[in-house]
Amino acid sequence: MFNKLKIINDPVYGLINLENELLFDIIEHPLFQRLRRITQLGLAYYVYPGATHTRFQHALGATYLMQKALDVLNRKGVLLTKQERTAALTAILLHDIGHGPFSHTLEYNFFCDICHEQISLLFMQSINKDMHGALDEGISVFTNSHPKKILHQLVSSQLDMDRLDYLNRDSFFTGVSEGIVGSERIIEMLTEKNGNLAVEAKGIYSIEKFLIARRLMYWQVYLHKTVVVAEQILKKIISRARLLIRNGQNIYAPPALEFFLKNDIKATNTIVETPLKYFAMLDDHDIFSAMKIWRTCGDFVLENLCSRLLDRKLFKIEISNSPVSEQHIAKIRQQTTKNVNIPEELLDYFVIYGNLENNAYIKSPTNEIKILRKDQTLNDIAEESDISNISALSKKVKKHFIIYPI
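Parameters and conventions
- Each residue is numbered by its place in its chain's sequence as written, counting from 1.
- In keeping with the model being predicted, local features are shown solely for residues with a pLDDT of at least 70 and side-chain atom pairs are shown and tallied solely at 80 or more, while totals for entire chains, interfaces and linings include all residues.
- Computation of side-chain values covers all heavy atoms of the structure but excludes hydrogens and water.
- By nonpolar core we mean a set of buried residues, namely Ala, Val, Leu, Ile, Met, Phe, Trp, Tyr and Cys, connected to one another through side-chain atoms within 4.5 Å.
- Only protein chains enter the accessibility calculation, which uses a 1.4 Å probe; a residue is then buried when its area is under 20% of its type maximum, exposed when over 50%, and partly exposed in between.
- Residue contacts follow a heavy-atom distance rule, with two residues in contact if any of their heavy atoms lie within 4.5 Å.
- Pairing between strands requires that DSSP locate at least two bridges from one strand to the other.
- Helical segments are the DSSP runs of H or I of at least four residues, strand segments are the runs of E of at least two, and each set is numbered from the N terminus.
- Fitted lines through C-alpha atoms serve as axes, helices being fitted only where they are in contact, and the angles separating the N-to-C directions of these axes extend from 0 to 180 degrees.
- Working definition: a ring pair exists when centres of Phe, Tyr or Trp rings (six-membered ring for Trp) sit within 6.5 Å. Plane angles under 30 degrees give stacked, over 60 give edge-to-face, the rest tilted.
- Each ring is checked for a lysine NZ or an arginine CZ that lies within 6 Å of its centre and within 35 degrees of its normal; such an atom marks a charge sitting over the ring.
- Multiply 1.5 Å by the residue count of a helix minus one, and that product is the helix's expected span.
- Each salt bridge in this description consists of a side-chain nitrogen of Lys or Arg and a carboxyl oxygen of Asp or Glu lying within 4 Å of one another.
- In protein, a polar contact requires one atom able to donate a hydrogen and another able to accept it; more generally it is a pair of N or O atoms within 3.5 Å, and residues adjacent in sequence count only if both atoms are side-chain atoms.
- Reported orientations rely on four angle classes, namely roughly parallel under 35 degrees, roughly antiparallel over 145, roughly perpendicular from 65 to 115, and oblique for the rest.
- Residues are sorted three ways: Asp, Glu, Lys and Arg are charged, Ala, Val, Leu, Ile, Met, Phe, Trp, Tyr, Cys and Pro are nonpolar, and all the rest, Gly among them, are polar.

Bringing the nonpolar core into the picture now. Nonpolar side chains in soluble globular proteins tend to end up buried together. Core analysis: the largest hydrophobic core is formed by 136 residues, its most contacted members being Phe32, Met161, Leu190, Trp294 and Leu309. Beyond its immediate chain neighbours, meaning those up to four positions away, Trp294 contacts Ile237, Ala241, Ile251, Tyr252, Ala253, Leu257, Leu261, Leu302, Glu303 and Cys306.

Within the open sheet, the three strands sit side by side as β5-β9-β6. Their pairing is antiparallel. Edge positions in the open sheet fall to β5 (316-320) and β6 (352-358), since each of these has one partner strand only. Averaged over all pairs of adjacent strands, the angle between their axes in this sheet comes to 25 degrees, without regard to strand direction. This element, helix α10 (residues 204-222), spans β6 and β9 (397-404) of the sheet and lies at about 165 degrees to β6. Running over the sheet, helix α16 (residues 326-339) touches β5, β6 and β9 and is turned about 25 degrees from β9.

Let us look at the packing of aromatic side chains. Here the structure, examined in full by the defined rule, presents 16 aromatic pairs. Centre to centre, the rings of Phe172 and Phe173 are 5.0 Å apart; their planes meet at 75 degrees, and the pair counts as edge-to-face. Since its relative accessible area comes to 46%, Phe172 is described here as partly exposed. Counting every residue linked through ring pairs, the aromatic cluster contains Phe110, Phe111, Phe123, Phe259, Phe260, Tyr278 and Phe279. One Lys or Arg, Arg36, reaches over the ring of Phe56 and ends 3.9 Å from the middle of that ring.

So, on to unusual backbone geometry. The phi dihedral of His132 falls on the positive side, at around 55 degrees, and the residue is not glycine. Of note, His132 is situated in the loop between α5 (116-130) and α6 (136-142). One non-glycine residue, Asn341, adopts positive backbone phi at about 60 degrees. By the element assignment, Asn341 lies in the loop between α16 and β6.

With 12 residues, helix α15 (residues 300-311) extends 16 Å from end C-alpha to end C-alpha; this agrees with the ideal 16 Å at 1.5 Å per step. Restricting attention to buried positions, one finds in α15 the residues Val301, Leu302, Asn304, Leu305, Cys306, Arg308 and Leu309. Residues of α15 that are buried in the fold lie against α11 (225-246) and α14 (284-294). Downstream of α15 by a residue or two, Arg312 has a phi angle that is positive, lying close to 55 degrees.

Strand order in the open sheet formed by four strands is β3-β4-β7-β8, and the pairing between neighbours is mixed. In this open sheet, the two strands that pair with only one neighbour each are β3 (190-193) and β8 (378-380). Ignoring which end each strand starts from, the neighbouring axes of this sheet average 50 degrees apart. Direction of pairing for strand β4 (residues 196-200) relative to strand β7 (residues 370-372): parallel, over a ladder of two bridges. Following the sheet pairing, Glu200 is matched in β7 by Leu372.

A side chain of one charge can pair with a side chain of the opposite charge when the charged atoms of the two come close. Scanning the entire structure with this criterion turns up 20 salt bridges. One salt bridge connects Glu84 with Lys148, and the closest N-O pair in it is separated by 3.0 Å. Of the two residues, Glu84 sits in helix α4 (residues 82-93) while Lys148 sits in the loop between α6 and α7 (149-155), which places them 64 residues apart along the sequence. For Lys148, a relative accessible area of 28% corresponds to the partly exposed category. For Glu368, the salt bridge identified is with Lys370, shortest N-O distance 2.5 Å. With a relative accessible area of 18%, Glu368 lands in the buried category.

Compared with the 20 Å implied by 1.5 Å per residue over 14 residues, the 20 Å span of helix α8 (residues 161-174) between its first and last C-alpha is a close match. Taking burial as the measure, the 14 residues of α8 include 13 buried ones, the bulk of the element. At the N-terminal boundary of α8, the capping side chain belongs to Asp160, with an oxygen 3.3 Å from the backbone nitrogen of Asp162. Remark: Gly175 follows α8 within two positions and exhibits a positive phi of approximately 85 degrees.

The subject of this paragraph is the pairing of β9. In this structure, β5 lies alongside β9, joined through five bridges in antiparallel fashion. Looking at the pairing, Glu318 lines up with Ile402 of β9. Note: β6 against β9, seven bridges, orientation antiparallel. The residue of β9 that forms the bridge with Tyr353 is Ile402.

Between α5 and helix α13 (residues 273-281), the shortest axis-to-axis distance is 12 Å and the interhelical angle comes to 100 degrees. Judged by the angle between their axes, α5 and α13 are roughly perpendicular. Along its contact with α5, which presents Ile119, Leu122 and Phe123, the element α13 presents Leu276, Phe279 and Ala280. The residue inventory of the contact of α5 with α13, partitioned by class, reads six nonpolar, no polar and no charged.

Laid out in C-alpha coordinates, this is it:
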(Lines give C-alpha, C1' and ligand atoms only; values in the text may rest on other atoms or scores of the structure.)
Protein backbone atom coordinates (compact mmCIF):
# COMPACT_ATOMS: atom_id res chain seq x y z
CA MET A 1 0.00 0.00 0.00
CA PHE A 2 1.09 3.56 -0.70
CA ASN A 3 2.38 5.13 2.52
CA LYS A 4 0.71 8.49 3.20
CA LEU A 5 1.99 8.91 6.77
CA LYS A 6 4.94 10.96 5.64
CA ILE A 7 7.73 12.59 7.66
CA ILE A 8 8.59 16.16 6.63
CA ASN A 9 11.87 17.85 7.56
CA ASP A 10 11.01 21.37 8.71
CA PRO A 11 13.83 23.89 9.37
CA VAL A 12 12.03 25.31 12.42
CA TYR A 13 10.77 22.19 14.25
CA GLY A 14 12.74 19.36 12.72
CA LEU A 15 10.81 16.25 11.73
CA ILE A 16 7.04 16.68 11.34
CA ASN A 17 4.82 13.61 11.15
CA LEU A 18 1.53 13.48 9.26
CA GLU A 19 -0.65 11.49 11.64
CA ASN A 20 -3.38 10.46 9.20
CA GLU A 21 -3.90 9.93 5.50
CA LEU A 22 -6.43 12.73 5.06
CA LEU A 23 -3.76 15.33 5.83
CA PHE A 24 -1.58 13.87 3.09
CA ASP A 25 -4.45 13.94 0.59
CA ILE A 26 -5.13 17.60 1.40
CA ILE A 27 -1.48 18.53 0.99
CA GLU A 28 -1.40 16.77 -2.40
CA HIS A 29 -4.41 18.74 -3.66
CA PRO A 30 -3.54 21.37 -6.33
CA LEU A 31 -5.18 24.17 -4.31
CA PHE A 32 -2.85 23.43 -1.41
CA GLN A 33 0.23 22.94 -3.60
CA ARG A 34 -0.37 26.47 -4.90
CA LEU A 35 0.73 27.76 -1.48
CA ARG A 36 4.31 26.80 -2.41
CA ARG A 37 4.21 29.82 -4.74
CA ILE A 38 2.78 32.33 -2.22
CA THR A 39 5.40 34.03 -0.03
CA GLN A 40 4.51 34.22 3.64
CA LEU A 41 5.79 37.78 4.14
CA GLY A 42 5.02 39.41 0.81
CA LEU A 43 7.97 41.62 -0.14
CA ALA A 44 9.76 41.47 3.23
CA TYR A 45 12.69 39.77 1.51
CA TYR A 46 13.52 43.18 0.03
CA VAL A 47 14.79 43.91 3.54
CA TYR A 48 15.47 40.44 4.96
CA PRO A 49 16.92 38.27 2.16
CA GLY A 50 16.07 35.03 3.95
CA ALA A 51 12.37 35.80 4.20
CA THR A 52 11.41 33.79 1.13
CA HIS A 53 9.43 31.15 3.03
CA THR A 54 5.94 30.33 1.87
CA ARG A 55 2.39 29.84 3.09
CA PHE A 56 2.91 26.13 2.38
CA GLN A 57 5.62 25.91 5.04
CA HIS A 58 3.58 27.94 7.53
CA ALA A 59 0.52 25.71 7.11
CA LEU A 60 2.59 22.61 7.84
CA GLY A 61 4.19 24.25 10.87
CA ALA A 62 0.85 25.35 12.32
CA THR A 63 -0.47 21.82 11.85
CA TYR A 64 2.51 20.41 13.73
CA LEU A 65 1.82 22.78 16.65
CA MET A 66 -1.85 21.82 16.57
CA GLN A 67 -0.89 18.15 16.99
CA LYS A 68 1.19 19.10 20.03
CA ALA A 69 -1.60 21.23 21.52
CA LEU A 70 -4.19 18.48 21.10
CA ASP A 71 -1.85 16.01 22.79
CA VAL A 72 -1.43 18.35 25.77
CA LEU A 73 -5.16 19.02 26.10
CA ASN A 74 -5.94 15.31 25.83
CA ARG A 75 -3.48 14.61 28.64
CA LYS A 76 -5.26 17.24 30.76
CA GLY A 77 -8.65 15.63 30.32
CA VAL A 78 -10.04 17.35 27.22
CA LEU A 79 -11.55 14.31 25.55
CA LEU A 80 -11.65 14.45 21.76
CA THR A 81 -12.79 11.79 19.35
CA LYS A 82 -10.53 10.79 16.50
CA GLN A 83 -12.87 12.65 14.14
CA GLU A 84 -12.71 15.85 16.23
CA ARG A 85 -8.93 15.71 16.33
CA THR A 86 -8.79 15.26 12.55
CA ALA A 87 -11.24 18.15 12.12
CA ALA A 88 -9.00 20.50 14.11
CA LEU A 89 -5.95 19.43 12.11
CA THR A 90 -7.64 19.90 8.73
CA ALA A 91 -8.96 23.32 9.79
CA ILE A 92 -5.50 24.61 10.76
CA LEU A 93 -3.86 23.02 7.72
CA LEU A 94 -6.25 24.89 5.42
CA HIS A 95 -6.71 28.11 7.39
CA ASP A 96 -4.57 30.19 4.97
CA ILE A 97 -5.37 28.47 1.69
CA GLY A 98 -7.28 31.55 0.50
CA HIS A 99 -4.25 33.82 0.40
CA GLY A 100 -3.41 35.43 -2.93
CA PRO A 101 -0.12 36.66 -4.42
CA PHE A 102 2.24 38.12 -1.80
CA SER A 103 -0.21 37.22 0.98
CA HIS A 104 -1.52 40.28 2.87
CA THR A 105 0.16 42.77 0.50
CA LEU A 106 -2.52 42.40 -2.19
CA GLU A 107 -5.31 41.13 0.10
CA TYR A 108 -8.08 43.27 -1.41
CA ASN A 109 -6.67 43.89 -4.88
CA PHE A 110 -8.37 40.97 -6.62
CA PHE A 111 -11.50 40.32 -4.56
CA CYS A 112 -12.38 43.91 -3.70
CA ASP A 113 -13.89 43.55 -0.23
CA ILE A 114 -13.45 39.87 0.48
CA CYS A 115 -10.78 38.76 2.96
CA HIS A 116 -8.59 35.70 2.58
CA GLU A 117 -10.52 33.81 5.29
CA GLN A 118 -13.66 33.92 3.12
CA ILE A 119 -11.70 32.63 0.13
CA SER A 120 -10.19 29.93 2.36
CA LEU A 121 -13.68 28.72 3.20
CA LEU A 122 -14.66 28.59 -0.48
CA PHE A 123 -11.52 26.63 -1.33
CA MET A 124 -12.14 24.28 1.61
CA GLN A 125 -15.64 23.63 0.32
CA SER A 126 -14.21 22.90 -3.13
CA ILE A 127 -11.69 20.42 -1.74
CA ASN A 128 -14.43 18.90 0.42
CA LYS A 129 -16.49 18.26 -2.68
CA ASP A 130 -13.53 16.51 -4.31
CA MET A 131 -13.09 14.41 -1.15
CA HIS A 132 -16.78 13.50 -0.84
CA GLY A 133 -17.47 15.34 2.42
CA ALA A 134 -14.35 14.32 4.36
CA LEU A 135 -13.84 17.93 5.48
CA ASP A 136 -17.35 18.57 6.80
CA GLU A 137 -16.31 18.61 10.45
CA GLY A 138 -13.08 20.49 9.73
CA ILE A 139 -15.09 23.22 8.02
CA SER A 140 -17.35 23.47 11.07
CA VAL A 141 -14.26 24.02 13.23
CA PHE A 142 -12.97 26.70 10.84
CA THR A 143 -16.32 28.55 10.80
CA ASN A 144 -16.75 28.24 14.59
CA SER A 145 -19.96 26.25 14.22
CA HIS A 146 -18.52 23.14 15.87
CA PRO A 147 -19.94 22.46 19.37
CA LYS A 148 -16.43 22.25 20.89
CA LYS A 149 -15.41 25.92 20.68
CA ILE A 150 -11.93 25.22 21.95
CA LEU A 151 -11.04 23.68 18.59
CA HIS A 152 -11.80 26.90 16.72
CA GLN A 153 -9.90 28.89 19.36
CA LEU A 154 -6.81 26.81 18.59
CA VAL A 155 -7.22 27.76 14.92
CA SER A 156 -8.21 31.42 15.28
CA SER A 157 -7.97 33.47 18.46
CA GLN A 158 -5.59 35.79 20.32
CA LEU A 159 -3.46 32.74 21.13
CA ASP A 160 -3.71 30.22 18.29
CA MET A 161 -1.40 27.85 16.48
CA ASP A 162 -1.35 30.20 13.49
CA ARG A 163 0.29 33.00 15.49
CA LEU A 164 2.63 30.72 17.39
CA ASP A 165 3.99 29.35 14.14
CA TYR A 166 4.28 32.55 12.13
CA LEU A 167 6.13 34.39 14.90
CA ASN A 168 8.75 31.68 15.26
CA ARG A 169 8.92 30.97 11.53
CA ASP A 170 9.13 34.61 10.46
CA SER A 171 11.74 35.23 13.13
CA PHE A 172 13.77 32.25 11.92
CA PHE A 173 13.77 33.27 8.25
CA THR A 174 14.28 37.01 8.81
CA GLY A 175 16.90 36.58 11.51
CA VAL A 176 14.99 38.95 13.81
CA SER A 177 15.44 37.20 17.15
CA GLU A 178 12.93 39.43 18.96
CA GLY A 179 10.13 37.37 17.40
CA ILE A 180 11.16 34.07 18.97
CA VAL A 181 8.54 32.77 21.38
CA GLY A 182 8.53 29.71 23.60
CA SER A 183 5.88 27.83 21.66
CA GLU A 184 6.61 24.52 23.41
CA ARG A 185 6.24 26.14 26.84
CA ILE A 186 3.05 27.98 25.82
CA ILE A 187 1.47 24.83 24.41
CA GLU A 188 2.37 22.88 27.53
CA MET A 189 0.57 25.54 29.62
CA LEU A 190 -2.67 25.36 27.60
CA THR A 191 -5.73 24.05 29.36
CA GLU A 192 -9.53 24.13 29.17
CA LYS A 193 -12.03 25.87 31.41
CA ASN A 194 -15.77 25.94 30.81
CA GLY A 195 -15.25 24.65 27.28
CA ASN A 196 -12.84 27.43 26.32
CA LEU A 197 -9.09 27.72 25.87
CA ALA A 198 -7.10 29.06 28.82
CA VAL A 199 -3.52 29.25 30.04
CA GLU A 200 -2.32 27.96 33.40
CA ALA A 201 -1.16 30.75 35.71
CA LYS A 202 2.44 29.54 35.68
CA GLY A 203 2.56 30.19 31.94
CA ILE A 204 1.84 33.91 32.25
CA TYR A 205 5.42 35.00 31.57
CA SER A 206 5.52 33.04 28.34
CA ILE A 207 2.32 34.79 27.23
CA GLU A 208 3.81 38.19 28.11
CA LYS A 209 6.81 37.36 25.96
CA PHE A 210 4.50 36.21 23.15
CA LEU A 211 2.58 39.50 23.08
CA ILE A 212 5.72 41.64 23.25
CA ALA A 213 7.33 39.57 20.49
CA ARG A 214 4.29 40.09 18.29
CA ARG A 215 4.46 43.86 18.77
CA LEU A 216 8.17 43.96 17.97
CA MET A 217 7.78 41.80 14.87
CA TYR A 218 5.16 44.17 13.49
CA TRP A 219 7.41 47.21 13.69
CA GLN A 220 10.64 45.43 12.77
CA VAL A 221 9.34 43.15 9.99
CA TYR A 222 5.70 43.37 8.93
CA LEU A 223 5.58 47.19 9.03
CA HIS A 224 9.26 47.85 8.39
CA LYS A 225 9.52 51.15 6.52
CA THR A 226 11.22 49.68 3.44
CA VAL A 227 8.74 46.80 3.29
CA VAL A 228 5.92 49.36 3.42
CA VAL A 229 7.46 51.27 0.48
CA ALA A 230 7.88 48.14 -1.66
CA GLU A 231 4.32 46.99 -0.94
CA GLN A 232 2.83 50.41 -1.72
CA ILE A 233 4.65 50.47 -5.05
CA LEU A 234 3.31 47.01 -5.88
CA LYS A 235 -0.24 48.16 -5.12
CA LYS A 236 0.21 51.17 -7.42
CA ILE A 237 1.53 48.87 -10.16
CA ILE A 238 -1.63 46.75 -10.00
CA SER A 239 -3.77 49.90 -9.93
CA ARG A 240 -2.08 51.36 -13.01
CA ALA A 241 -2.23 48.10 -14.95
CA ARG A 242 -5.94 47.82 -14.14
CA LEU A 243 -6.60 51.34 -15.42
CA LEU A 244 -4.66 50.79 -18.65
CA ILE A 245 -6.25 47.48 -19.51
CA ARG A 246 -9.75 48.85 -18.84
CA ASN A 247 -8.99 51.83 -21.07
CA GLY A 248 -8.28 49.43 -23.92
CA GLN A 249 -4.48 49.50 -23.90
CA ASN A 250 -3.03 46.22 -25.04
CA ILE A 251 -0.66 45.22 -22.25
CA TYR A 252 0.40 41.67 -21.44
CA ALA A 253 -1.05 39.81 -18.46
CA PRO A 254 -1.34 36.08 -17.69
CA PRO A 255 -4.98 34.97 -18.17
CA ALA A 256 -5.74 34.74 -14.44
CA LEU A 257 -4.27 38.17 -13.72
CA GLU A 258 -5.98 39.66 -16.77
CA PHE A 259 -9.35 38.44 -15.51
CA PHE A 260 -9.01 40.34 -12.23
CA LEU A 261 -7.59 43.44 -13.90
CA LYS A 262 -10.68 43.58 -16.10
CA ASN A 263 -13.31 42.65 -13.52
CA ASP A 264 -14.38 43.84 -10.06
CA ILE A 265 -15.38 40.92 -7.85
CA LYS A 266 -17.17 42.14 -4.73
CA ALA A 267 -18.85 40.49 -1.77
CA THR A 268 -22.22 41.72 -3.02
CA ASN A 269 -21.71 39.58 -6.11
CA THR A 270 -22.03 35.83 -6.09
CA ILE A 271 -18.53 34.36 -6.16
CA VAL A 272 -19.12 31.77 -8.83
CA GLU A 273 -16.81 29.15 -10.25
CA THR A 274 -14.99 31.38 -12.77
CA PRO A 275 -13.44 33.92 -10.32
CA LEU A 276 -12.35 31.12 -7.98
CA LYS A 277 -10.87 29.17 -10.87
CA TYR A 278 -8.80 32.15 -11.95
CA PHE A 279 -7.80 33.03 -8.37
CA ALA A 280 -6.57 29.47 -7.88
CA MET A 281 -4.25 30.05 -10.85
CA LEU A 282 -2.75 33.26 -9.40
CA ASP A 283 0.50 33.35 -7.44
CA ASP A 284 3.59 35.53 -6.97
CA HIS A 285 5.10 34.36 -10.25
CA ASP A 286 2.23 35.78 -12.31
CA ILE A 287 2.83 39.25 -10.88
CA PHE A 288 6.59 39.18 -11.41
CA SER A 289 6.35 37.80 -14.94
CA ALA A 290 3.92 40.60 -15.81
CA MET A 291 6.14 43.27 -14.25
CA LYS A 292 9.15 42.12 -16.25
CA ILE A 293 7.18 42.81 -19.43
CA TRP A 294 5.42 45.95 -18.16
CA ARG A 295 8.75 47.69 -17.57
CA THR A 296 8.94 48.15 -21.37
CA CYS A 297 5.22 48.48 -22.13
CA GLY A 298 5.34 52.11 -23.27
CA ASP A 299 3.42 53.61 -20.34
CA PHE A 300 5.57 56.00 -18.29
CA VAL A 301 3.99 55.19 -14.93
CA LEU A 302 3.92 51.41 -15.28
CA GLU A 303 7.44 51.26 -16.72
CA ASN A 304 8.83 53.47 -13.97
CA LEU A 305 7.14 51.67 -11.08
CA CYS A 306 7.97 48.17 -12.35
CA SER A 307 11.60 49.08 -12.95
CA ARG A 308 11.89 50.57 -9.48
CA LEU A 309 10.46 47.49 -7.81
CA LEU A 310 12.31 44.92 -9.89
CA ASP A 311 15.64 46.74 -9.46
CA ARG A 312 14.94 47.76 -5.85
CA LYS A 313 15.22 51.47 -6.57
CA LEU A 314 12.59 52.32 -4.01
CA PHE A 315 10.99 55.56 -2.83
CA LYS A 316 11.84 57.50 0.31
CA ILE A 317 9.45 57.27 3.26
CA GLU A 318 8.77 59.61 6.15
CA ILE A 319 6.96 58.21 9.19
CA SER A 320 5.48 60.35 11.96
CA ASN A 321 3.14 59.99 14.92
CA SER A 322 0.80 62.69 13.61
CA PRO A 323 -1.07 62.87 10.28
CA VAL A 324 0.85 64.30 7.34
CA SER A 325 -0.26 67.89 6.86
CA GLU A 326 -1.80 69.07 3.61
CA GLN A 327 0.96 71.69 3.39
CA HIS A 328 3.67 69.03 3.57
CA ILE A 329 1.91 66.87 0.99
CA ALA A 330 1.68 69.87 -1.35
CA LYS A 331 5.37 70.61 -0.81
CA ILE A 332 6.38 67.01 -1.59
CA ARG A 333 4.20 66.95 -4.69
CA GLN A 334 5.78 70.18 -5.95
CA GLN A 335 9.28 68.89 -5.31
CA THR A 336 8.51 65.61 -7.06
CA THR A 337 7.16 67.36 -10.15
CA LYS A 338 10.28 69.50 -10.33
CA ASN A 339 13.04 67.09 -9.30
CA VAL A 340 11.85 63.80 -10.83
CA ASN A 341 10.08 65.27 -13.86
CA ILE A 342 6.72 63.62 -13.20
CA PRO A 343 3.63 65.28 -14.69
CA GLU A 344 1.26 66.64 -12.05
CA GLU A 345 -1.66 64.49 -13.24
CA LEU A 346 0.37 61.35 -12.49
CA LEU A 347 1.61 62.34 -9.04
CA ASP A 348 -0.84 60.09 -7.17
CA TYR A 349 1.16 57.09 -8.37
CA PHE A 350 4.40 58.49 -6.93
CA VAL A 351 3.41 60.49 -3.84
CA ILE A 352 1.59 58.11 -1.51
CA TYR A 353 0.40 58.75 2.01
CA GLY A 354 -1.51 56.74 4.56
CA ASN A 355 -1.19 55.17 8.00
CA LEU A 356 0.15 52.07 9.74
CA GLU A 357 -1.56 50.33 12.65
CA ASN A 358 -0.18 47.92 15.23
CA ASN A 359 -2.43 46.24 17.78
CA ALA A 360 -0.54 43.38 19.44
CA TYR A 361 -3.46 42.34 21.62
CA ILE A 362 -7.05 43.04 20.62
CA LYS A 363 -8.91 42.78 23.90
CA SER A 364 -12.61 41.96 23.64
CA PRO A 365 -15.11 40.11 25.85
CA THR A 366 -15.37 37.23 23.37
CA ASN A 367 -11.71 36.99 22.36
CA GLU A 368 -9.32 37.25 25.29
CA ILE A 369 -6.30 35.33 26.50
CA LYS A 370 -7.61 33.90 29.74
CA ILE A 371 -5.29 33.01 32.62
CA LEU A 372 -6.52 30.18 34.85
CA ARG A 373 -5.63 31.02 38.45
CA LYS A 374 -4.89 28.44 41.10
CA ASP A 375 -8.34 29.07 42.58
CA GLN A 376 -9.80 28.04 39.18
CA THR A 377 -11.04 31.53 38.33
CA LEU A 378 -10.26 33.18 35.00
CA ASN A 379 -8.78 36.59 34.37
CA ASP A 380 -7.67 38.40 31.24
CA ILE A 381 -3.91 38.53 30.62
CA ALA A 382 -3.92 42.35 30.48
CA GLU A 383 -5.33 42.46 34.03
CA GLU A 384 -3.43 39.50 35.42
CA SER A 385 0.02 40.60 34.25
CA ASP A 386 2.17 42.74 36.55
CA ILE A 387 3.80 44.34 33.49
CA SER A 388 2.05 47.63 32.73
CA ASN A 389 3.12 47.40 29.08
CA ILE A 390 0.87 44.36 28.54
CA SER A 391 -2.21 46.48 29.15
CA ALA A 392 -0.80 49.12 26.79
CA LEU A 393 -0.44 46.50 24.06
CA SER A 394 -4.22 46.30 23.84
CA LYS A 395 -4.28 49.88 22.57
CA LYS A 396 -4.00 50.50 18.84
CA VAL A 397 -0.86 52.36 17.82
CA LYS A 398 -1.19 54.40 14.64
CA LYS A 399 1.61 56.01 12.65
CA HIS A 400 1.41 58.03 9.45
CA PHE A 401 3.60 57.95 6.36
CA ILE A 402 4.31 59.73 3.12
CA ILE A 403 6.24 58.06 0.31
CA TYR A 404 7.86 59.81 -2.67
CA PRO A 405 10.70 59.38 -5.17
CA ILE A 406 14.05 61.15 -4.79
